[in-house]
Amino acid sequence: MNRYAVIGAGPSGLAAARALTRRGIGVDGYEAAAGVGGLWDIDNPRSTMYESAHLISSRTTTEFTEFPLRSTVDYPGHRVLRQYFRDYADHFGLTDRFRFETRVTRLEPQGGGWDLTSDGPEGEHTRWYAGVVLANGTLAEPNIPAFPGTFTGELMHTSAYRSPAQLAGRRVLLIGAGNSGCDIAVDAVHHAASVDMSVRRGYYFVPRYLFGRPSDTLNQGRPLPARIKQAVDSRVLRAFTGDPVRFGFPKPDYRIYESHPIVNTMILNHLGQGDLRIRPDIDRFDGSTVRFRDGTADDYDHVLLATGYTLDYPFVDRAHLHWRGAAPRLFLNIFPASFNGLYVMGMIEASGIGWQGRYEQADLLATYLDALEHDPDTATRFRDRVTSQPWPDLTGGYRYLGLDRMAYYVNKDAYRGAVRREKHALEDQTGRRP
């Protein structure tokens, strides 16, 4: 029986290890941190977690179906979630399959598989695997844009933010307004001397609760067509949150759900209270002064870059993952068209896809690897179809913004439907089910 390596013990790596072992496939896991949890482990040196972080999707739409969260809290905090992943790994016998404090440094093709070189407590080792699952996360490598001029205060990416104590008494400028940026702004208004946010485009703000229920639990039946859902939800949001333009945000130049919405309406409350201000895009830095595109300027002690992350698989040559622009081009965001024995888990971003969506990804991979072992003809037919036929549309009819951070964005319903169809087709052909 061939063995496979899984790189990363966050949600996607654990999902991969669970799905593969459930089908009797041999797995060795590699994790650079001291335990499971990935970015949800705030003590992990590569974590981008901060003390006030909670889920932005609700518990029941996020958890693994076969292992519900014990908490009854709708939006648990990061410490609850770290324990959840530890419990998940222990319950399914995954913890002992990982080599912790062990960093993968290189992958090289060798003999129809891959030589994996790692560096850990026992030193550097190279082991051969029939295939390798890359699940090292999408939110670890900060995107640091270049700005004209020099800022002489403290310049920091939000990945290094942990606590509002870091901002106490300081004049703070946040550049960008994603979910993390808005969370940190809400933190900062209680500690900083002043807080401004520089934004270049408008956003849609979704409250965590609508009609007394977590907002993402309200439409769990058959999905509405994109244009109808956008029209209905836009009207609902206007009724509950008003127009963000009146708080200083630009008017969005796209429809709702064509970029990830902000699940934080506290930011609007603080804007309404005058606790922070919206500023335009940056023109340049000039010492402690930041000059904006509209000709205004202000002095700051601390600039926080809420500018997102870039995909990073530093241990393998990009050619092996068929990179195209900001992301690898993979069938269902999993399989390189060359079927070279590398597989990617977790390279999906979608509103509401949850960890169960990532487990379904892993389950499809496990079904394919099982076919590869026990029914090679079915595996061959799968590969032939992937390489000869058009790939499914994963947008669900939404016209996503053409930004680098949207390069691997999918619609959860379109994506999960496509993944399930492929898995069921493989199982029907092999007659094998776990």
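On a predicted model such as this, the values are computed, not experimentally measured, just so you know. (Residues numbered from 1 in each chain as written. Predicted model: local features only at pLDDT ≥ 70, side-chain atom pairs only at ≥ 80, totals over all residues. Heavy atoms only, no water.)

A. Just the sheet that holds strand 16 (residues 282-287), in detail. An order of 9-16-17-18 is seen for the four strands of this open sheet, with the pairing classed as mixed. Looking at which strands have only one partner, the edges of the open sheet turn out to be strand 9 (149-151) and strand 18 (297-299). Averaged over all pairs of adjacent strands, the angle between their axes in this sheet comes to 35°, without regard to strand direction. Sheet analysis places strand 16 next to strand 17 (residues 289-292), joined by four bridges and oriented antiparallel. Opposite Ile282, over in strand 17, you have Phe292 as the bridge partner. (Pairing = 2+ DSSP bridges. Helix = DSSP H or I, 4+ residues; strand = E, 2+ residues; numbered from the N terminus. Axes fitted to C-alpha atoms, helices over the stretch in contact; angles between N-to-C directions.)

B. Just the packing of helix 8 (residues 376-388) against helix 9 (residues 412-430), in detail. The geometry of helix 8 relative to helix 9 is characterised by a closest axis approach of 10 Å and an angle of 145° between their N-to-C directions. Helix 8 and helix 9 meet at a crossing whose hand is right-handed. Within the contact between the two elements, helix 8 uses Thr378, Arg381, Phe382 and Arg385 and helix 9 uses Glu422, Leu426, Gln429 and Thr430. (Left-handed = near helix turned anticlockwise from the far one by under 90°. Contact = heavy atoms within 4.5 Å.)

C. Focus on the side chain of Arg279. Within the secondary structure, Arg279 is located in strand 15 (residues 277-279). Looking at Arg279, its side chain comes within polar contact range of the side chain of Thr296, at 3.1 Å. Each residue touching Arg279, except ones within four places of it in the same chain, is listed here: Asp196, Met197, Ser198, Val199, Phe292, Thr296, Ala297, Asp298 and Tyr300. (Polar contact = N/O pair within 3.5 Å; in protein donor to acceptor, adjacent residues only side chain to side chain.)

D. Structural context of the sheet that holds strand 25 (residues 342-344). Read across the open sheet, the five strands follow the order 3-2-1-7-25; overall the sheet is parallel. Each edge of the sheet is formed by a strand with only one pairing partner; in this case those strands are strand 3 (98-99) and strand 25. Pairing geometry for strand 2 (residues 26-30) and strand 3, over two bridges, is parallel. Each bridged residue has a counterpart across the sheet, and for Tyr30 the counterpart in strand 3 is Arg99. Helix 7 (residues 354-374) contacts strand 1 (3-7), strand 7 (131-134) and strand 25 of the sheet and is inclined by roughly 160° relative to strand 25.

E. How the structure looks around unusual backbone geometry. One non-glycine residue, Phe211, lies in the positive phi region at around 55°. Its place among the elements puts Phe211 in the loop between strand 13 (209-210) and strand 14 (213-214). Residue classification places Phe211 among the exposed residues on the basis of a relative accessible area of 63%. If you check the backbone angles, Phe339 has positive phi at about 45° while not being a glycine. If you trace the backbone, Phe339 turns up in the loop between strand 24 (335-336) and strand 25. Phe339 gets classed as buried once you look at its relative accessible area, which sits at 15%. (Buried < 20%, exposed > 50% of the residue type's maximum accessible area, 1.4 Å probe, protein only.)

F. The side chain of His78, seen in detail. Inspection of the secondary structure assignment puts His78 in helix 3 (residues 78-91). His78 has contacts with Trp40, Ile42, Met49, Tyr50, Glu51 and Ala53, leaving out every residue within four places of it along the chain.

G. The pairing of strand 7, seen in detail. By the alternation rule, side chains of strand 7 split into Gly131 and Val133 and Val132 and Leu134, which are all buried. Here four bridges tie strand 1 to strand 7, and the two strands are oriented parallel to one another. Its bridge partner being in strand 7, Tyr4 is matched across the sheet by Gly131. Both strand 7 and strand 25 contribute to a ladder of three bridges, which runs parallel. Residue pairing across strands places Leu134 opposite Val344, the latter belonging to strand 25.

H. Highlighting the packing of helix 1 (residues 11-22) against helix 3. With their axes 11 Å apart at the nearest point, helix 1 and helix 3 run at an angle of 15° to one another. In terms of orientation, helix 1 lies roughly parallel with respect to helix 3. Where helix 1 crosses over helix 3, the two elements pack in a sense that is left-handed. For the pair helix 1 and helix 3, contact is made by Pro11, Leu14, Ala15 and Arg18 and by Phe85, Tyr88 and Ala89, respectively. Partitioning the contact of helix 1 with helix 3 into residue classes produces six nonpolar, no polar and one charged. (Parallel < 35°, antiparallel > 145°, perpendicular 65-115°, else oblique. Nonpolar A, V, L, I, M, F, W, Y, C, P; charged D, E, K, R; others polar.)

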